[in-house]
Amino acid sequence: MIRVALDGLRSRALLSVGTLLLLVVALGSAVLGPSFAAAVGNAYAVTRLSEERNVLTGRTWEVRPSASTDDPSALLDDALDQLVLPDDQHAPTAQLETARVLAPGALGEVMLMAKPDACTHLDLDGRCPSAPGEVAVLAGDAEEDGHELGDRIDLGEPFGTLTLVGTYAYPSGPTVPAERREALEDFWFEPTRLASVPATVATGTEIPRQPAPYLVAPDQLAGLAPSLLLVRVDSRIDVPADLDAADLPALAERAAADPAPQQLEVGTAAEISNNDLDGIVADVDRERRAALLAVAPAVVSLVLVALALLSRLTSAAGELRVPDLALASLRGADRRRTWVLALSEPLLLVVASVPFGVAGGVALTWALVRAWLPAGVPVPLPAYVVLACVAVVACAVAVCVVSTRAVLARSLADQLGGQARPRPAGRLAVLGALALVALTVVLVGAALTRPAGDATDAADLALPLLIAAVLGLGAAGGARAAAGALARRPARGVAGFLAVRAVARRAVGTLVVLPLTIAIAVVTFGAGTFDAAGAWRASVAATQAPASTVWASELPMREAVALTRRLDPDGRWLMATGTWNAQDGVYVVADAPRLPTASLWDPSWTPGHGVEDVVGLITRPSPPALTGTRLRLGLVVPRASEEVTVEMRLRTADGDTFNAYVGPFPPGETAATERVPCEKGCTIEGLALAGPAGLPTDLFGDYAVGPVEVDGRDASDVLTDGDWHLVGEGITQAAQDVRVTGAGLVVTASGTGKAGLTSGAGGLRPVVAGREAVDRLGRVAAGAATSTVGGPPPSEAVLVAESVPFLGPEGVLIDYAVLTTNRTVYEEEFEVRVLAAADTPERVSTALARQGLTVERLHAQERDRLDETAYALALRLYLVAAVLVLLMAVAGLVVTTAIQLPGRRMDAAALSVVGVRRRSVLLAVGVEQVVVLGAAAVAGLLAGAAAQLIVLGRITLGQVEEASWPRVVARVDPALLSVTALVVGVLLGTVALLSAWATVRRARGASLREKAR
């Protein structure tokens, strides 16, 4: 029996090789999926720990000296030598610093710091302090305090007077090489320690300014009281390349243990670490589980497509073995021996495929790990790989049994009759097809009604295959039914008649539609899933880092705006932003006119509206400006009215606001003069007609405001071109109307209060609201806030976005000028950042660093970090699955076409004998192939696109770590779908053309005579 099976495999070599290849792919997929998922989990653990901020993964100790020291350098060395560090820590660094002491004048609370080799890890102008009495300070602090090299700086007691010998800046910006950036982080541990914090007011208490550390030589700190000294020791976590993510919980547990203070010879050491290893371990564990879940659809798709094609090839092999089985029956073989004979060939292939499949899966896993993951990551083989392989082998055996049963179910007369013709489907087949359609409809309905964001379940993973199977059955049945209907009509040509007859009557021709449809659907869905995941990660990266470089700043928002406008007056590279927690939610406040040049606005946030449209919707014309120091204003007050004072709100070029009170104006036509500090320019944001000191008063009649002169020059355009509106909030409004005249404004009032006007910002402020913030804005607008101090303004969402910078769907984007025009905002509550474009000149980046700004994030690094997560790496298997499925589909099609080729040649030869031209035969075969393969291609593309629209919004394409991350939006990219259709069309068209050519190439009458003999 084995010899007979081997002879059969050899005689049908092409079919045997194709079947073996499919089995190898299925088994290799069972090995590849779990092994690669485990590898990416380990790789993610390594990269996450290596790239996370030091304060979240490292440890810090504070050593309090027990006595003053005459040798500070020795104190640092002794602290490092005597401190006992955990085994999982990197080599530590130490610095000696003092407590902050309030210095004379406006210097604020200063701190001296000594650290060996500090100057080599900074950008230094001048020289490094090398002796007592010398100091280097942050460049921005020196500029703010008006200090130059060589100046003597009096710090008061106990630090005395120091000579400024250098200014420094932390090396930041996109031009800093990655190697140096890593070395800087190792050395300084936390760069924000070198930032300067301006004076602030919190809960009514003024907090003094805290300039960046003053760098001194170690000997400068000799003899200071021990209460003033502190040795700070920092150490990053040591992450081995071959780390097993399963060991992370033990690592986090050791880090979370409350360490006891260490009694050193030099003093007492206490750990003050604030790491978040517990949270990181939880994230890594979640990513590992998610990676395995992400791999499942790709692996299942590969295996099922391989089994579907295997079923087709096994059925074809069974058809070729029909004569052998019929002969065995005629010679008296019983049913058991006939089954053994029929199953011997496919089962031998299953057995032979096991070592090749396992070896191929291990080899492919090793290649992908080495190509996509960091060097040194081992290639694991989890225990459940064995279970997966056993399941695939069991499924393959089941497919072989089912296919063999379909052959053996035919009667002996049918087996001897030759080629099978189409016949009505059996009852079981019809019931199975109906059950498949019903199950698919139920699961589609459940998927469409289930809320998005739920955990991925088995129905989500199976739905693309079910949709493809239903459309594949429909395409195959539809092609046969349509061909049968056309065959019953009068033929209009020989080629068309032959093509429709072949499709209607050749059963084996349409059997390829179902597996081919499933394969094409898997390719379409896999490519679309990978593309959607990539687009989602791009959206997340643009939310977290909405510019090429994001600088962190301790400056107030107004100073950050002034700084960016001073360094970049044309708005080509820089933009100041601030995130603000207001009473009604979170805002991102931006210098919006600079959004198109400085930021990265993802197109998925506002489909159909580009960033230029966004800017146009949320900005308003700039308030009118004037330049000078002597302001003269004319005003006509109605007779019998009280005296009026004009309160003007102005903003300087540096962003400071102040109120100028012009007047008082008695009844009649008069003018008044007021001095204003606007030599560099000011904008007029608002004005109000009021009583003395801006208090409410009785206002009745028409008040003519204007003309305006500044330093003797006419400036009435600040009134006529200012787009003035009545203030709708924050005051008791006494005015009913304002209109423009030739020289100014006419305000009509009737009541007690103020006649308040604002320039270009009347009514509700326009904002772009994240989809989660729209309802909240509506409630605030309906409530109409009544205060112009501190709180958010009443706003309206002119556009709803999937995400806004930094805050995602929870945030609201508002223009800085729109927010602050004629309104007081507590800018100390802002978290300020400066966005910089990719082409920002190095001189501008250097100027930002000199002001104490540090690089918080790079967009490229943020995108790389997201692309290196376990989930993203696992999703790359979708590309591998798409390529393998497409190759399997083409290989299966080639094999089945080659099997049908002898019969097709006989038919073509018979047609040639009766006088049908070769060209007509060629055209008929080509049309038949195009119809069959085209039906499969169209059904597969439709199934893949439908699965994307239904499933993508509900399966997990990435881990949403924060509420500020945008959601996954289900979409079908027309460009990607077109490329997929083009590739599929070219491959299938090539197969159809070659099949037609091979059919007629050797179709001669002599073939019939040979067959007859």
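Fair warning: this is a prediction, and the values are worked out from it, not measured in the lab.

Scoring rules and cut-offs
The numbers attached to residues start from 1 for each chain and follow its sequence in the written order. Residue-level local features of this predicted model are given only where pLDDT is at least 70; pairs of side-chain atoms are given and counted only at 80 or more, and the full residue set underlies all totals for whole chains, interfaces and linings. Each side-chain value is derived from all of the structure's non-hydrogen atoms; neither hydrogens nor water enter the calculation. Strands are runs of DSSP state E lasting at least two residues, helices are runs of H or I lasting at least four, and both sets are numbered from the N terminus onward. A simple rule labels every residue: compare its accessible area, found with a 1.4 Å probe on the protein chains alone, to the largest value its type can have, and call it buried under 20%, exposed over 50%, or partly exposed in between. Note on definitions: a residue-residue contact is assigned when non-hydrogen atoms from the two residues lie within 4.5 Å. The method behind every accessible area is Shrake-Rupley, applied with a 1.4 Å probe, and residues are considered shielded solely by the protein chains displayed. Put simply, a patch holds well-exposed residues, over 30% relative accessible area, that have no salt bridge, with like charges counted together within 9 Å and Val, Leu, Ile, Met, Phe, Trp or Tyr side chains within 5 Å. Put simply, a salt bridge is a Lys or Arg side-chain nitrogen that is within 4 Å of an Asp or Glu carboxyl oxygen. Any two strands between which DSSP finds at least two bridges are classified as paired. Stacked, edge-to-face and tilted are the three classes for Phe, Tyr and Trp ring pairs, Trp counted by its six-membered ring, which pair at centre distances within 6.5 Å; planes under 30 degrees apart are stacked, over 60 edge-to-face, the rest tilted. Both a distance and an angle decide whether a charge sits over a ring: NZ of Lys or CZ of Arg must be within 6 Å of the ring centre and within 35 degrees of the ring normal. Working convention: axes come from line fits to C-alpha atoms, limited for helices to the stretch in contact. Angles between N-to-C directions cover 0 to 180 degrees. This arc describes the spread of directions from the helix axis toward the C-beta atoms. Under this scheme an angle from 65 to 115 degrees is roughly perpendicular, one under 35 degrees roughly parallel, and one over 145 degrees roughly antiparallel; angles in between are oblique. The sense of a crossing depends on the near helix, which, turned anticlockwise from the far helix by less than a right angle, makes the crossing left-handed and, turned clockwise, makes it right-handed. Amino acids outside the nonpolar list (Ala, Val, Leu, Ile, Met, Phe, Trp, Tyr, Cys, Pro) and the charged list (Asp, Glu, Lys, Arg) are all regarded as polar, and Gly is one of them.

Q: Honestly, the overall build of the protein in this entry has me stumped. Any pointers?
A: Scanning the protein for helices and strands turns up 29 helices and 33 strands. Here the protein holds 1013 residues, and 52% of them are scored as buried. Of the contacts formed within the protein by residues at least 6 apart in sequence, a portion of 81% connects residues at least 24 apart. Total accessible area computed for the protein in this model is approximately 43600 Å², and 59% of it derives from carbon and sulfur atoms.

Q: Explanation requested: a nonpolar patch on the surface in the structure shown.
A: A cluster of nonpolar side chains, namely Val354, Val358, Val362 and Leu381, defines an oily patch on the protein surface of about 270 Å² accessible area. Tracing the chain through its elements places leucine 381 in the loop between helix 10 (335-372) and helix 11 (384-408). You can call leucine 381 exposed: its relative accessible area is 54%.

Q: In this structure, what is going on with the pairing of strand 18 (residues 585-590)? I would like to understand it.
A: The two faces of a sheet get side chains in turn, since along a regular strand they alternate between them. Among the six residues in strand 18, five count as buried, and that is most of the element. In the sheet, strand 17 (residues 574-582) pairs with strand 18 via six bridges, with the strands oriented antiparallel. Within strand 18, the position partnered with glycine 578 by the bridge is valine 589. One ladder, built from five bridges, connects strand 18 with strand 31 (residues 811-815); its direction is parallel. Residue pairing in the sheet places alanine 590 in a bridge with aspartate 815 of strand 31.

Q: Any chance you could explain the packing of aromatic side chains here in plain terms?
A: For any pair of aromatic rings, geometry is given as the distance between the ring centres together with the angle between the planes. Considering all chains together, one arrives at five aromatic pairs under this definition. On the numbers, 5.0 Å between centres and 80° between planes, the contact of tryptophan 601 with tryptophan 605 is edge-to-face. Neither tryptophan 601 nor tryptophan 605 differs from the other in exposure class; each is buried. Members of the aromatic cluster, connected to one another through ring pairs, are Trp580, Tyr587 and Phe830. Over the ring of phenylalanine 187 we find lysine 115, and its NZ or CZ is 4.3 Å from the ring centre. Above the face of the phenylalanine 806 ring, arginine 833 is positioned so that its terminal group lies 4.4 Å from the ring centre.

Q: Could you clarify how one ought to interpret the sheet that holds strand 32 (residues 831-836) in this entry?
A: Within a sheet, each strand pairs with its neighbour through backbone hydrogen bonds, oriented either parallel or antiparallel. If you walk across this open sheet you meet the eight strands as 30-29-31-18-17-32-16-33, and the pairing is mixed. If you trace the sheet from one side to the other, it starts and ends with strand 30 (795-801) and strand 33 (854-858), each paired once. Sheet twist, expressed as the average angle between the axes of neighbouring strands with direction ignored, equals 30°. Relative to strand 33, strand 16 (residues 549-552) runs antiparallel, the two sharing four bridges. Bridge assignment links threonine 549 to a residue of strand 33, and that residue is leucine 858. Strand contacts of helix 18 (residues 557-567): strand 17, strand 18 and strand 32, with the helix running at about 170° to strand 17, the strand carrying the most contacts.

Q: Whenever I open this one, the environment of aspartate 815 confuses me. Can you help?
A: Take aspartate 815: it is sitting in strand 31. In this structure aspartate 815 comes out as buried when scored by relative accessible area, which is 3%. Residues aspartate 815 and aspartate 591 lie 224 residues apart in sequence; the distance between their C-alpha atoms is 5.8 Å. If near-sequence neighbours (up to four positions away) are discounted, aspartate 815 is found in contact with Val589, Ala590, Asp591, Ala592, Pro593, Ile618 and Thr619.

Q: So what exactly am I meant to see when it comes to helix 25 (residues 859-867) here?
A: Burial in helix 25 covers these residues: His859, Glu862, Leu866 and Asp867. Seen end-on, helix 25 carries its buried residues on one side only, within an arc spanning 135°.

Q: So what exactly am I meant to see when it comes to the packing of helix 2 (residues 13-51) against helix 10 here?
A: When two helices pack together, you describe them by how their axes are tilted relative to each other and by the distance separating the axes. Direction vectors running N to C along helix 2 and helix 10 enclose 40°, while the axes themselves pass 6 Å from each other. One element, helix 2, and the other, helix 10, form an angle in the oblique class. Along this stretch, helix 2 crosses helix 10, giving a crossing that reads as right-handed. A per-class count over the contact of helix 2 with helix 10 returns 19 nonpolar, eight polar and no charged.

Q: I'm lost on the packing of helix 17 (residues 513-544) against helix 25 in this one. Help?
A: It is at 9 Å that the axes of helix 17 and helix 25 come closest, and there the two elements cross at 140°. Considered as vectors, helix 17 and helix 25 are oriented oblique to each other. The interaxial crossing formed by helix 17 with helix 25 has right-handed handedness. Two secondary-structure elements touch here, helix 17 through Gly534, Arg537, Ala538, Val540, Ala541, Ala542 and Gln544 and helix 25 through His859, Glu862, Arg863, Leu866 and Asp867. Each residue belonging to the contact of helix 17 with helix 25 can be placed in one class, and the counts come to five nonpolar, three polar and four charged.

Q: Mind showing me how you'd approach unusual backbone geometry here?
A: Leaving glycine aside, a negative phi is the common case for residues, and trans is the common case for peptide bonds. Look at the link from glycine 663 to proline 664: it is a cis peptide, with omega at 5°. Structurally, the position occupied by proline 664 is in strand 21 (residues 657-665). Backbone geometry places aspartate 117, a non-glycine residue, at a positive phi of 65°. Even without being glycine, aspartate 711 reaches a positive phi, approximately 50°.

Q: I keep staring at the pattern of salt bridges and nothing clicks. Help me out?
A: In a structure, side chains of opposite charge can pair up when their charged atoms sit close to one another. Per the counting criterion, the structure on display carries 29 salt bridges. A salt bridge links arginine 537 to aspartate 867; the nearest nitrogen and oxygen atoms lie 2.8 Å apart. Taken together, the residues arginine 537 in helix 17 and aspartate 867 in helix 25 connect sequence positions 330 residues apart. The class of aspartate 867 is buried, set by a relative accessible area of 17%. Of the charged contacts, one joins glutamate 856 and arginine 833 as a salt bridge, the two residues approaching to 2.7 Å between their closest N and O atoms. Residue glutamate 856 is found in strand 33, and its partner arginine 833 is found in strand 32; the two are separated by 23 residues along the sequence. Residue classification places glutamate 856 among the partly exposed residues on the basis of a relative accessible area of 32%. Among the charged side chains, a salt-bridge network with shared partners connects Glu62, Arg64, Glu97 and Arg232.

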